[in-house]
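# Structural characterization, general
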Amino acid sequence: MTGRIERIAALPAAAGQQVTVRGWVQHVRTQGKVGFLVLRDGTGVLQCVFVRNQLPPETWDLFTALTQEACVAVTGEVRLEPRAPGGAELGVTALALLGASGADYPIQPKEHGVDFLLDHRHLWLRSQRQVAIMRLRHELEQAIHDFFYARDFVRADTPILTAAIGERAGLFGTEYFDEGTAFLAQTGQLYGEALAAALGRIYTFGPTFRAEKSKTRRHLTEFWMIEPEMAFYDQGDNMQLQEELLLFLVERALERRRPELAILERDVSKLEAVKGPFPRIDYGDAVTTLQGKGSSITWGDDLGAEDEALLVADYATPIFVCNYPKEAKAFYMKENPADPRTVLCADCLAPEGYGEIIGGSQREDDHDKLLHRIREEGLPEAAYGWYLDLRKYGTFVHSGFGIGLERTIAWIGGIPHVREVIPFPRMMHRLTP
Ligand code: 4AD
Ligand code: MG
C-alpha cells in the first residue's frame, strides 16, 4: 500500500494525488471490465473505480469477492468527478481486505420493519440516513454549547443518582447501600437552582430518566435534556432566551447541515419560515381556541399531544402557551400574582405537530408558599430540605427551562419518531442493543 491516508471528506482537496482510504463496503457492482465499489468511512461516500486490465489479477479477484460491510483499504489516484457523490472518485491501484464481512449482513437495501431495524441498531447506525441524523445531533449539541458559552453561562453537571425529587413522571429506582433507594434523575433543575445562586447563569446537559409507560413517538425512558437556570430572570426574560436559542439552532442547522437535511428529505422551507417573535398564547385562550376546534379539554387540564398539534396547526413558528393552572404543573413554579390559580410558566410547542419541546417557568422564591406546595403535593418534605434552604438564605427571582434534545432534533430534522435521533434508544419495551 502506498499513498497518504485520507478520510473521504478531505478528498476533493487532494485531486491528482495518490491516497489510501479506509472504510466499509456499501456495495459493489461490475460492468464488464470495470468495477465500482462504493465505500463509506463516516465522513462521506466514495466511488472507487477498478479497471480489470490495469490491475493485478489478485486485486480484481479480491474486489469481485467483496461483500457488503467488509472493511477495506483502497489506494489510488483522486480524480475530481462532478457526477460522483462528494465530487471525487478514486482510480484504484491497490486493495487490501482489513476485515471480512459475512455474506449474511442483516440489513439489506430493502424495506425492513422498524422492530427489526431497532434489534439491529448497532448495524442500522451505519446507514446513510442514520449517519445524517447523528451528525445533525452532534451539530445541535455543539450549537447549544456555543450558544451558552457566548452568553457566559457556566455548564454545570448535576447528579444522576438522587433522592426522591423531580417531576411527576415515573421514577426508576436502584438500591443504594444503606441509604435506601436512589432514583435516576428526571431533571437536574433543582440542583441547577442551587448552582444559579452560586454562579448566576448555568446550564446542565445530560441524560434524564422517566419511567413513563408512554408508547408515543416523542417519549423515551432515557433522554437528554439541557436545563438553563438564570438568577434575576423573570418568566418574560426566560421565554426570550428560549426563543433566541431555538432561532439559533434552526439557523445553525440551515447553515451547516444542509447535506444532512437533504438526505433526510427535510422540507427546509419550513425551517426557513421560523422567525421571531414566537406567539405567546395565554393558557385560558388556548383552551377556548381548542374547544372551538372540537377538543374536549377543560380549564385545568394539561394539554395532550392532540391538543398541542391542533393548536400549533395555525402557526409556522414555535409558540409559547403561558400560565397554566397550578394543578396541571410542577410544585416549584411561581404563583402568578395576576391570577393565583395559575403559575408563571410556559411550554414551547414546535410547529408541524411536533408539540412540546421546552417546559419552563419562573420558580417559586417564597419559602412558605413553596413549602405549602410541597405539602399539598404530598412530596417527601425531608428530601426537599436543601431545596427550601435556597429560599431561606438569599432567595432570589430566578427562572429556567428544560429543552428536550431528542424532540428538538426530531423537529429540526423532520424525523417522525424520537427513537431514531438517539444512538441507542431506551423505551418501555427496549433495553437492547
Ligand atoms: O416539561 P419537563 O418535564 O420539564 C422539566 O423537567 C423541568 N425540570 C425543566 C426545567 O424547567 N428545568 O421536560 C422538559 C422537556 C420537555 O419539554 C420535552 O422536550 C423533554 O423534556 N421530555 C422528554 N423527551 C423525551 N422523552 C420523554 N419521556 C420526555 N419527557 C420530557
Ligand atoms: Mg413539560
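A brief structural summary. (Residues numbered from 1 in each chain as written. Chains lettered and ligands numbered in written order. Predicted model: local features only at pLDDT ≥ 70, side-chain atom pairs only at ≥ 80, totals over all residues. Heavy atoms only, no water.)

## Let's talk about the overall build of the protein chain
Secondary structure summary: the protein chain contains 13 helices and 17 strands in total. Buried positions account for 50% of the 433 residues belonging to the protein chain. Sequence separation of at least 24 residues holds for 66% of the intrachain contacts in the protein chain that already meet a minimum separation of 6. As displayed, the protein chain has an accessible area near 19,900 Å², and 52% of this comes from carbon and sulfur atoms. (Helix = DSSP H or I, 4+ residues; strand = E, 2+ residues; numbered from the N terminus. Buried < 20%, exposed > 50% of the residue type's maximum accessible area, 1.4 Å probe, protein only. Contact = heavy atoms within 4.5 Å. Areas by Shrake-Rupley, 256 points an atom, 1.4 Å probe, with all protein chains shown as cover.)

## Considering the site of ligand 1
Residues in close proximity to ligand 1 total 22 residues, the closest being E167, Q189, R210, E227 and E356. Taking I358, its main chain carries an N or O atom lying 3.4 Å from an oxygen atom of ligand 1. Contact distances for ligand 1 include 3.3 Å between a nitrogen atom and a backbone N or O atom of F401. Within the complex, 93% of the 630 Å² of free accessible area of ligand 1 lies under protein. Only β12 (222–231), β16 (355–362) and β17 (398–404) provide two or more residues apiece to the shell around ligand 1. Split into classes, the residues belonging to the shell around ligand 1 amount to 7 nonpolar, 7 polar and 8 charged. (Near = heavy atom within 4 Å. Polar contact = N/O pair within 3.5 Å; in protein donor to acceptor, adjacent residues only side chain to side chain. Nonpolar A, V, L, I, M, F, W, Y, C, P; charged D, E, K, R; others polar.)

## Brief notes about the environment of I409
With respect to the secondary-structure elements, I409 resides in helix α13 (residues 405–413). Between the C-alpha atom of I409 and that of L136, which follows or precedes it by 273 residues, the distance is 7.5 Å. In contact with I409, other than residues within four places in its own chain, are L136, R137, L140, G414, I415 and V421.

## Regarding the pattern of salt bridges
Oppositely charged side chains can form a pair if their charged atoms are brought close together. For the structure shown, the criterion picks out 38 salt bridges. Of the charged contacts, one joins E406 and R137 as a salt bridge, the two residues approaching to 3.0 Å between their closest N and O atoms. Here E406, found in helix α13, pairs with R137, found in helix α4 (residues 128–150); they are 269 residues apart in sequence, far enough to count as distant. The class of E406 is buried, set by a relative accessible area of 2%. Residues K334 and D365 are paired through a salt bridge, measuring 3.1 Å at the closest nitrogen-oxygen approach. One end of the pair, K334, is in the loop between β14 (319–322) and β15 (345–350); the other, D365, is in the loop between β16 and α11 (367–376), with 31 residues separating them in the sequence. (Salt bridge = Lys/Arg side-chain N within 4 Å of Asp/Glu carboxyl O.)

## Quick word on unusual backbone geometry
Residue P277 follows G276 across a cis peptide bond; omega there is -10°. Position of P277 relative to the elements: it lies in the loop between α8 (268–272) and β13 (280–282). Of note in the backbone geometry, E265 takes a positive phi value of approximately 55° without being a glycine. Position of E265 relative to the elements: it lies in the loop between α7 (258–263) and α8. Positive phi, normally seen in glycine, also occurs at N323, with a value near 60°. Within the secondary structure layout, N323 lies in the loop between β14 and β15.

## A look at the packing of α11 against helix α12 (residues 385–392)
The contact between α11 and α12 brings their axes to 9 Å, and the two run at 160°. Comparing the axis directions of α11 and α12 gives the class roughly antiparallel. Taking contact as the criterion, the partners of H367, L370, L371 and I374 in α11 are, on α12, Y387, L388, R391 and K392. Partitioning the contact of α11 with α12 into residue classes produces 5 nonpolar, 1 polar and 2 charged. (Axes fitted to C-alpha atoms, helices over the stretch in contact; angles between N-to-C directions. Parallel < 35°, antiparallel > 145°, perpendicular 65-115°, else oblique.)

## Brief notes about the packing of helix α9 (residues 283–292) against helix α10 (residues 305–312)
At a minimum axis separation of 10 Å, α9 and α10 run at an interaxial angle of 90°. As the angle between them shows, α9 and α10 are arranged roughly perpendicular. Every residue of α10 that contacts α9 at A286, T289 and L290 is listed here: D307, L310 and L311. Counted by class, the contact of α9 with α10 contains 4 nonpolar, 1 polar and 1 charged residues.

## A short note on helix α5 (residues 189–199)
An α-helical segment advances 3.6 residues per turn. Residues three or four places apart therefore align on the same side. Every buried residue belonging to α5 is among Q189, L190, Y191, G192, E193 and A196, and all of these are buried. Packed against the buried residues of α5 are β8 (161–162), β11 (201–209), β12, α12 and β17. Immediately beyond the C-terminal end of α5, within one or two residues, lies G200, with a positive phi of roughly 90°.

## A closer look at the sheet that holds β14
Read across the open sheet, the 8 strands follow the order β7-β11-β12-β17-β16-β15-β14-β13; overall the sheet is mixed. If you trace the sheet from one side to the other, it starts and ends with β7 (154–155) and β13, each paired once. Note: β12 against β17, 5 bridges, orientation antiparallel. When the bridges of β17 are listed, M225 appears paired with G404. Sheet strands in contact with α5 are β7, β11, β12 and β17, and its direction is about 30° off that of β12. The sheet strands contacting α10 are β14, β15 and β16, and the helix crosses β15 at an angle near 75°. (Pairing = 2+ DSSP bridges.)

## Regarding the nonpolar core
As a rule of thumb, soluble globular proteins bury nonpolar side chains together. By size, the foremost hydrophobic cluster in this structure holds 58 residues, and its most contacted members are F148 and W411. Here this core takes 9 residues from α4, the largest share from any one element. When near neighbours in sequence (up to four residues on either side) are disregarded, W411 contacts L246, V250, R266, V274, P318, A350, P351, E352, Y354 and I357. Core analysis: the second largest hydrophobic core is formed by 28 residues, I281, L303, I319 and V343 among them. (Core = buried A, V, L, I, M, F, W, Y, C linked by side-chain atoms within 4.5 Å.)

## Let's talk about the sheet that holds strand β9 (residues 173–175)
If you trace the 3 strands from one edge of the open sheet to the other, you get β8-β10-β9, paired in antiparallel fashion. Only two strands of the sheet have a single neighbouring strand rather than two, namely β8 and β9. Both β9 and strand β10 (residues 181–184) contribute to a ladder of 3 bridges, which runs antiparallel. Looking at β10, one finds that G173 is bridged to F183.

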